[in-house]
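# Overview (structure and organization)
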Amino acid sequence: MSTETQVLGLAVAGTFVLYALLGGADFGGGVWDLLARGPRKAEQRALIARAIGPVWEVNHVWLIVGLVLLFSGFPRAFAALSVALHVPLTLLVLGIVFRGTAFTFRAYDTRGDVVERRWGVVFSVASVVAPLLLGMCVGAVASDAIRMQGHAVVSGFFASWLSPFALSVGVLTLGLFAFLAAVYLTHEAPTRELAEDFRRRALVTGGLLFPLALAALLLSREGAPRVWTGLLQTPFALALHGGTAVAAVTAFALLWTRRFRAARVAAATQGGLIVLGWAVSQAPYLVYPHLTLQSAAAQPVVQRLLLVALAVGLVLVVPSLVLLFRVFGPRGQPTT
Amino acid sequence: MTDLLYARAQMGLSLAFHIVFAAAGVALPVLMVLSDLKHRRTGDADYRKLSEKLAKGTAILFAVGAVSGTVLSFELGLLWPEFMGRYGEVIGLPFSLEGVAFFTEAIFLGIYLYGRERVSPGLHLFSGVMVAVSGAASAFFVTLVNTFMNNPSGFTPTPAGPTDVQPLVAMFSPGWQYQTAHVLLSCYQASAFAMAGIHAFILLKHPGAAFHKKALSVALPLACVTALLQPLVGDLSAKHVAREQPVKLAAMEAHFHTEAGAPLKVGGWPDVETRTVKGAIDLPKGLSILAFADPDAEVKGLEEFPRDVWPPVPKVHMAFQVMVGTGSLMALLALATLWRRWRGREWPHGKGMMRAWLWAGPLGLVALEAGWLVTEWGRQPWIVRDVMRTSAAVTPVPHLAAPFFTFTAVYLFLGVTVLFVLWRQVAGTLPGSKTPGAGVDGGVAHVH
């Protein structure tokens, strides 16, 4: 496999990691909006809206970039996945549409509680459904349930993503996003009480992630043999798991001792390693067992130009992103 | 309806919906920055309020544009996997660059919208400019993809797919300069006309309302300039189509029979069976002049081409007539307005003019949609002209009626909601309105 192909494959994986860490946390914010309760219910929702407001569209762009890199760099895989996962991807897109529009309408059309709450419900329900579907799609891709003959998908439009393994990955994804959001919000919270609210949520969801991950792992033995062996046998994957476990325990300990800033980093590391772990366990396959990075790859000249475009993009985007997050980072928040 | 037709209808509907928001996303930031600049120069608080209102409009429309654009990028695969599987690599470069532009647009829009109180005035203005530039770049790159589909280049077609791919050649397919200029202008024109229409409407109800007169003074220059430039660019574009896509030109003009010194048909309904056009007014030699700048030039008719590569002639012809008709009306109104501006030394806001601008308000969007239909219908039955048929690109997934009706319902709902939300933004500026939050702090919910 050429270096270009490897770098492009890494770039696709990288954008999905970033989408999970940033866009995923925005979805998680929607989950906590739905589950807001207690004496500070309204403040919790206000904190979530304030934290997401300036950045959600930027965070969402990682998905688009990943998608574009996939269809430009690995067009055959994009085509096959679009056919095999037509149904859940269509539903996912609907979730994304309602999440984004409901959030915007709520933010710009404040007319008292009833209407605002109604948009809030649309926003938070879409925020629960979309990660579930996203995870189910990932589960389907990682399993060997998508079958092809030549360029045609022959495994039907439902079975692959409705398997127990795919469902377990869906629930794990939802849990991970909710966990990330809760941890991030502990650091964003302007008051001690609000930080405590989200600390409790972070500890509970973080704790839940262990059995969820274990369930997905056990189900992968039947449902995704490639992942099972990939996860348990390749030394690199094992190292990644070790790293994930260390990050998870560290995040837990830091949350426990209320070092929220560092907990945020540890949780993001944990989330990133989980997504990367999936990518590595599946590599070099894009659609197991039919399409590898190499067999789905665009022609070399295309790959090279895509890498140039990627480099240009990074030069433009990274400083702008740093600026954005500096302006709206936790320390940039006015304490009310 | 067949699944192919449902797929085309869903893609068409998604694009028709997205285009409105994309156009606003390109143009509103320019208007927003212009009124911001006017505020800085004059110190007039109304311009600042206008710029804030436009920023909120941009935020709402951009959000809907971003999600409907996301739908489109998924739909490329969900509906046309064969097209993307084969040509994704050929046209991936402009899509990737569009991704970069989308990124900077979203970043700086976040800073502009939420950062007024947090960043320096210079950086704030710079962010607005970046939003405007990124929006234009985004539209530019996406239009390059469409140019490729109309005039594919940069690869060698083989039964197994494209070989010898040259992405840069494909990115700048023949005619790119005309199509991108035409599209970008139409975005500014449609948005400026819509904005002018809204404020004209309010000035009719509340004559002399200062805020709305100022808003007009921001919208009208852009509307007039674009309305006058557009016919020139459109003409260059038509000449290019005449050279490169003669069958599309013939369908646009419902020109069945090859002839020299061909007349231009205005109006009329084409009858494909009898190969005649009923009820059209003929302008002698008009088509030859329009297509080749030569009154005696020979213009190829549809009869020169096999029947199975004809686009849907009546649809293409009607859409073209609508585009040219609305474009001409807008150009005339622009001329009349500039004349009055020159005579009266200020932008006109009399009753007659305001009525005209009110009725012209939607014309830019009508022309934009019609023009897009001309190019899309006019390319049929090809998805990549002369290389891949639309029917060969469609997904094998059955029951496409279900997503089609779902998305139709969703777009209807979103469209109505956006109109409603935007109207409430405008209502906050009416004389005597008592909406809180319309003041200088911008009133962005949840920030405070």
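The paragraphs below set out a description of the structure included in this document. Since the structure is predicted, the reported quantities are computational estimates derived from the model, not experimental observations.

### Some thoughts on the overall build of chain B
- Looking only at helices and strands, chain B features 15 helices and 10 strands.
- Counting only C-alpha atoms, chain B reaches 65 × 45 × 40 Å along its principal axes.
- For chain B, buried positions account for 59% of its 448 residues.
- Just so you have it, chain B exposes about 17400 Å², and 67% of that area is on carbon and sulfur atoms.
- In chain B, the 35 positive side-chain charges and the 30 negative ones have mean positions that sit 13 Å from each other.

### A look at the side chain of Arg379 of chain B
Residues and elements named next belong to chain B.
- When you line up the elements, Arg379 lands in helix α13 (residues 363-379).
- At a separation of 3.2 Å, a polar atom in the side chain of Arg379 contacts the main-chain carbonyl oxygen of Ile383.
- Residues in contact with Arg379, not counting those within four places in the same chain, are Asn146, Met149, Asn150, Lys248 and Arg385.

### A look at the interface of chain B and chain A
- Each partner contributes residues to the interface: chain B has 71 residues there, and chain A has 64 residues.
- Summed over both sides, the interface of chain B with chain A buries roughly 6000 Å², with 78% coming from carbon and sulfur.
- Our count for the chain B to chain A interface comes out at one salt bridge.
- Seen at the junction of chain B and chain A, the total is five residue pairs in polar contact (both at pLDDT 80 or more).
- Of all the secondary-structure elements, those providing two or more residues to the side of chain B that touches chain A are α2 (45-79), α3 (81-87), α4 (92-114), β2 (161-163), α6 (167-171) and α15 (401-427) of chain B.
- When residues of the side of chain B that touches chain A are assigned to their parent elements, the largest contribution, 18 residues, is made by α4 of chain B.
- Of the residues belonging to the side of chain B that touches chain A, the class tally is 47 nonpolar, 17 polar and seven charged.

### Comments concerning the environment of Ala250 of chain B
All names here are of chain B.
- Examined against the element boundaries, Ala250 turns out to sit in helix α9 (residues 246-252).
- For Ala250, a relative accessible area of 1% puts it in the buried group.
- Put simply, Ala250 and Leu76 are 174 residues apart on the chain and 29 Å apart in space, counted from C-alpha to C-alpha.
- With residues near it in sequence (within four places) discarded, Ala250 still touches His255, Lys300, Gly301 and Leu302.

### Points about the pattern of salt bridges
- Counted according to the given criterion, the structure contains 23 salt bridges over all chains.
- A salt bridge links Arg40 of chain A to Asp197 of chain A; the shortest N-O distance between them is 2.7 Å. Residue Arg40 of chain A is located in the loop between α1 (3-34) and α2 (41-52), and its partner Asp197 of chain A is located in helix α8 (residues 192-223); the two are separated by 157 residues in the primary sequence. Comparing Arg40 of chain A with Asp197 of chain A shows no difference in burial state: the two are buried.
- Its salt-bridge partner being Asp271 of chain B, residue Lys278 of chain B comes within 3.1 Å of it at the nearest N-O pair.
- By relative accessible area, which is 19% here, Asp271 of chain B ends up buried.
- Each member of the salt-bridge network shares a partner with another, and the members are Asp33, Arg45, Arg106 and Arg117 of chain A.

Analysis parameters
- Residues take numbers from 1 onward in each chain, read along the sequence in its written order.
- Whichever chain is written first becomes A and whichever ligand is written first becomes 1, with later ones labelled in order.
- A pLDDT threshold of at least 70 governs which residues receive local features in this predicted model, and a stricter bar of 80 or more applies before side-chain atom pairs are shown or counted, although totals over entire chains, interfaces and linings include all residues.
- For side-chain calculations, the full set of non-hydrogen atoms in the structure is used, while hydrogens and water are omitted.
- Comment: elements are numbered from the N terminus, with helices defined as DSSP H or I runs of at least four residues and strands as E runs of at least two.
- Burial classes follow relative accessibility: with a 1.4 Å probe on protein chains only, a residue under 20% of its type's maximum area counts as buried, one over 50% as exposed, and anything between as partly exposed.
- Under the convention used here, a 1.4 Å probe and the Shrake-Rupley method define accessible areas, while residue burial counts only the protein chains that appear.
- Residues scored as positive are Lys and Arg, those scored as negative are Asp and Glu, and His as well as the terminal groups of each chain are ignored.
- Just so you know, the charge point we use is NZ for Lys, CZ for Arg, CG for Asp and CD for Glu.
- Distance and chemistry together define a polar contact, namely a pair of N or O atoms within 3.5 Å, with one atom able to donate a hydrogen and the other to accept it when in protein, and with adjacent residues in sequence counting only for side-chain atoms on both sides.
- Residue contacts are counted whenever heavy atoms from the two residues lie within 4.5 Å of one another.
- The term buried area means the drop in 1.4 Å probe accessible area that two parts suffer when joined, counted for both and summed.
- Within this document, salt bridges are pairs made up of a side-chain nitrogen of Lys or Arg and a carboxyl oxygen of Asp or Glu, the two lying within 4 Å of each other.
- Amino acids are sorted into nonpolar (Ala, Val, Leu, Ile, Met, Phe, Trp, Tyr, Cys and Pro), charged (Asp, Glu, Lys and Arg) and polar (every other residue, Gly among them).

Any functional reading would require information that these geometric values do not contain.
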